[in-house]
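Observations on chain architecture
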Amino acid sequence: MNDFIPAPGLGAAPRSTVTSTPKPFIRHTAVPDSDEHWFEIGPADERIAYACVVQCRSFAWIEEIAVAPRHRGEGLASHILDAIITAFGRQEIGLGATPFVPDSWKPKRSGLDAVQLRAWYRRHGFHAMSDGPHLYRAADG
């Protein structure tokens, strides 16, 4: 599977377009012979924003979501999270709400601290599993 998904709320565009313009398109790739799914925004040679999701037996687990420092504040993480919810929303989705920045991205600082990040996920329908950093979103319908 290698689909280009228009970010929610945006008009249609050619399926082969991935761009960092205000109308981002999200490339969803299921890794062959793996449970991993990648959601990416940006041209093939530059990853502007991405997420890795692992399909488990009865739920999906978001391993990481990251946005390049110079593109933070543009809503790209929300677009990717919406695409993940669209793709996996019929089952529970879980994650560890811990700030993450890939080693290759400088400056090496997160866009949100842990409290802000948990609040951001809550706005997207995620709830605490316990007092720890794990959150989940119940299956749709």
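These lines cover the structure that appears in this document, whether it is placed above or below. (Residues numbered from 1 in each chain as written. Predicted model: local features only at pLDDT ≥ 70, side-chain atom pairs only at ≥ 80, totals over all residues. Heavy atoms only, no water.)

**Some words on helix H2 (residues 114–123)**
Just so we agree on the cut-off: Relative accessible area decides the class of each residue, using a 1.4 Å probe on protein chains only: under 20% of the type maximum gives buried, over 50% gives exposed, and in between gives partly exposed. Numbering of helices and strands runs from the N terminus, with a helix taken as a DSSP run of H or I at least four residues long and a strand as a DSSP run of E at least two residues long. The arc in question is traced by the directions running from the helix axis to the C-beta atoms.
Considered for burial, the residues of H2 that qualify are Leu 117, Arg 118, Trp 120 and Tyr 121. The arc that holds every buried residue of H2, seen down its axis, measures 160 degrees, which confines them to one face. Among the exposed residues of H2, those pointing more than 90 degrees away from its buried face are Val 115 and Arg 123. Gly 125 sits one or two residues past H2 and shows a positive phi near 90 degrees.

**Remarks on the environment of Glu 63**
Rules: In what follows, a contact means two residues having at least one pair of non-hydrogen atoms within 4.5 Å.
Within the secondary structure layout, Glu 63 lies in strand E5 (residues 59–67). For Glu 63 and Leu 95, which are 32 residues apart along the polypeptide, the C-alpha to C-alpha distance reads 6.6 Å. Among residues more than four places away in sequence, those in contact with Glu 63 are Cys 52, Val 53 and Val 54.

**Looking at the packing of aromatic side chains**
As a reminder of what qualifies: Side-chain rings of Phe, Tyr and Trp (the six-membered ring for Trp) are treated as a pair once their centres are within 6.5 Å; stacked means planes under 30 degrees apart, edge-to-face means over 60, and tilted covers the remaining angles.
Applying the stated criterion across every chain, the model contains four aromatic pairs. Here Trp 120 and Tyr 121 contribute two aromatic rings whose centre-to-centre distance is 4.9 Å and whose plane-to-plane angle is 70 degrees, an arrangement assigned as edge-to-face. The class of Trp 120 is buried, set by a relative accessible area of 11%. With a relative accessible area of 6%, Tyr 121 lands in the buried category. Grouping aromatic residues by their ring pairs yields a cluster made of Trp 120, Tyr 121 and Phe 126.

**Observations regarding unusual backbone geometry**
Unlike most non-glycine residues, Asp 33 shows phi in positive territory, near 55 degrees. Note that Asp 33 resides in the loop between strand E2 (25–30) and strand E3 (36–41).

**Re helix H1 (residues 76–88)**
Note the threshold: A helix is expected to reach a length of 1.5 Å times the quantity of its residues less one.
Its 13 residues place the ends of H1 18 Å apart at the C-alpha level, agreeing with the 18 Å of an ideal helix rising 1.5 Å per residue. Those residues of H1 that fall on the buried side of the exposure criterion are Leu 76, Ala 77, His 79, Ile 80, Leu 81, Ala 83, Ile 84, Ile 85 and Phe 88.

**Focus on the nonpolar core**
The following threshold applies: Definition of nonpolar core: a set of buried residues of the types Ala, Val, Leu, Ile, Met, Phe, Trp, Tyr and Cys, connected through side-chain atoms within 4.5 Å.
Within the largest apolar cluster, 27 residues are counted, with the highest numbers of intra-cluster contacts made by Phe 39, Ile 62, Ile 84, Tyr 121 and Phe 126. Breaking this core down by element, the ones donating at least two residues are E3, strand E4 (49–55), E5, H1, strand E6 (92–96) and H2. Among the elements that take part in this core, H1 stands out by supplying eight residues, more than any other. Contact partners of Phe 39, with chain neighbours within four places excluded, come to Ile 26, Arg 27, His 28, Ala 49, Tyr 50, Ala 51, Val 53, Ile 80, Ala 83, Ile 84, Ala 87 and Phe 88.

**A look at the pairing of E2**
To keep it simple, the criterion reads: Two strands form a pair only when DSSP identifies at least two bridges running between them.
Most of E2 is tucked away: six of the six residues are buried. Residues Phe 25, Arg 27 and Thr 29 of E2 are buried on one face, and the alternating residues Ile 26, His 28 and Ala 30, pointing to the opposite face, are buried as well. Note that E2 and E3 share four bridges and pair antiparallel. Looking at the pairing, Thr 29 lines up with Trp 38 of E3. Taking the residues between adjacent antiparallel strands as the criterion, E2 and E3 are bridged by five residues, where Asp 33 takes a positive phi near 55 degrees.

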